[in-house]
Each structure stands twice: as structure tokens, then as C-alpha cells.
Amino acid sequence: MIRLVQNELYKTFRLKKLYVFMAILAIHAWLTVHFYSAGGEWKSVIVMPNGQSLPLTLINSMAQWMTLFIPIYVADLITGEVKTGTLKLSLLRPVRRIEWLHAKIASLFVFIAVLLAFSVVSEYAIGTIAFGWGERTLYAGTLYAQAEGIWLTLRLTFAMLLPYMACGLIVVFIAVSTANISTTIGLSIGILTALQYLSAFERIKPYSIVNQMYFFHEYVHQAHWGAVLQNIAVVAAYIAVFYTVSAVIMKKKDFIL
């Protein structure tokens, strides 16, 4: 199992898509800073122009990119192996199907964590180069001292691992259900887009995974533990359900023929 995970991580860091996604995140941060600096009638999300505030300023926009990055990555990670026959070779060896699935999920977790870490580092760097580091971190109308601001940034950013993994498990379910990369990507993005529109309904909104991807960090920041636990339970339910269904499909589906 450990070797299987190591192999998946090796393939992840060799994947060109990972570095393309990093470049997109960096370009997005740079463009945000550039248009703010250009002034004019451009309405920017930047309220306090300094390096230490930029990662939290852009934290919501990360969800938009993840709804694209995760389906593309998982399609390559799982559906690509099914289509090329790599999965067949793996299953002909002494590798249990559930171990193969666990290795893929571990790889997905690392993929998301790497992108989150890169987004924080690159945004700190770009913001500091453009505006200087600054004296305070601004988030949700409140100013924080430097150390407190850094801790808040890391805590809220990596809290998003939970809803992003839930999104990833939904895509994993779609990927193991189909043998077509385009179908996996298209269907995943279509479902996530539909869920985003469903978030307009107040009764459904708290249970939408897309809503969690955009606002989970706000619930964590508010630290109303009843609301935090409720939202964790919603996200955990997505993870549990789609992991279980994916595991059942992996056990029953004939990948050898």
C-alpha cells in the first residue's frame, strides 16, 4: 500500500497539469494586483493593498478554479488509467482494488494540498512585490497583527481541504463509473455548475457542496461551533457517501475485459 501511494505521488509531481494549474493561480493573482494598480473604473476585490492580506482576499476565487482543476486531475488520475489499460495491469498484480482506490484518493489529497500551499506562497510573494508586506492583515473587516494574520491565513486556507476533498470524491465516483475522460470532466463540471445554481435556494444552500467550497472558511472563521460542526457534518456526509459508492463500484465493476 505504501509503495502504491508513493508511486501515485511520484506520478502526480511529474504531471504537467499540476504546474499548469500553479501557473494559472499565479497569473490570476498577478492580474488581480495589476488591475487594482491600474485603477480606473475597475472594481477590485482588494480592499487593503499589502502582501499579507492578498491570500485571504483571493480565498473565495480558489473555489472557482478547483471546480475545474479537480475534474481535470481526477479524469487523468482514474479514467485515464482505465482507458489506457494501466488499471488492468495494476489489478493483474497483487494489488487489491480498494488499495488502488485509496492510493488515488491520497494522491488527490496531496494534489489539493499542494495547490493550496502554492496559492498562499505565490500570493504572499506577488502581493509583497506589488504593495509591500504591510503592517496588518485585513479579513472580513477586521485587522490582525502579522503573526495572527499568518496563522489565520493558514488555518482558513487549509480548512478548505475538507470541502475540496468532498468535491474530489464526487468526481472520483463519476470517474470510476465511466471510461471516458471527456465524459468525466464534462459531467463533473456540469454537476458542480448545477449545484452552484441550486445554492440560490436558501433551504438547499447549506447542503450544497459548491456552497461549502465557497464559504466553508467563513464558517470556520466565525467560530460558531454549532454552525461549524453542522457544516463539517454536511461535508463529511458527502465524503462518506461518495467514497462508499466508489468503493462498491470498484469491487463490482469488471475492469479486466
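Residues numbered from 1 in each chain as written. Predicted model: local features only at pLDDT ≥ 70, side-chain atom pairs only at ≥ 80, totals over all residues. Heavy atoms only, no water.

J.: I'd like a description of the packing of helix α6 (residues 97-131) against helix α11 (residues 225-252), backed by residues and values.
T.: Geometrically, a packed helix pair is captured by the angle between its two axes and the distance between the axes. Contact pair α6 / α11: the axes reach a minimum separation of 9 Å and the direction vectors enclose 140°. With respect to α11, the axis of α6 lies oblique. The hand of the α6/α11 crossing is right-handed. Along the contact surface, α6 presents Arg-97, Ile-98, Trp-100, Leu-101, His-102 and Ile-105, while α11 presents Tyr-243, Ser-246, Ala-247, Met-250 and Lys-251. Its residues assigned to classes, the contact of α6 with α11 comprises 7 nonpolar, 2 polar and 2 charged. (Axes fitted to C-alpha atoms, helices over the stretch in contact; angles between N-to-C directions. Helix = DSSP H or I, 4+ residues; strand = E, 2+ residues; numbered from the N terminus. Parallel < 35°, antiparallel > 145°, perpendicular 65-115°, else oblique. Left-handed = near helix turned anticlockwise from the far one by under 90°. Contact = heavy atoms within 4.5 Å. Nonpolar A, V, L, I, M, F, W, Y, C, P; charged D, E, K, R; others polar.)

J.: Account for the packing of aromatic side chains, with residues named and values stated.
T.: Under the definition given, this model contains 9 aromatic pairs. Relative to Phe-69, the ring of Trp-65 has its centre 5.9 Å away and its plane inclined at 20°; by these criteria the two rings are stacked. Placement of the pair is Trp-65 and Phe-69 together in helix α4 (residues 61-84), with a separation of 4 residues, close to one helical turn. Relative accessible area serves as the criterion here: at 23%, Trp-65 is assigned to the partly exposed category. With centroids separated by 6.3 Å and ring planes inclined at 5°, the aromatic side chains of Tyr-238 and Phe-242 adopt a geometry described as stacked. Residue Tyr-238 and its partner Phe-242 are located together in helix α11, separated by 4 residues, close to a single helical turn. The exposure class of Tyr-238 is buried, given its relative accessible area of 19%. (Phe/Tyr/Trp six-rings, centres within 6.5 Å; stacked < 30°, edge-to-face > 60°. Buried < 20%, exposed > 50% of the residue type's maximum accessible area, 1.4 Å probe, protein only.)

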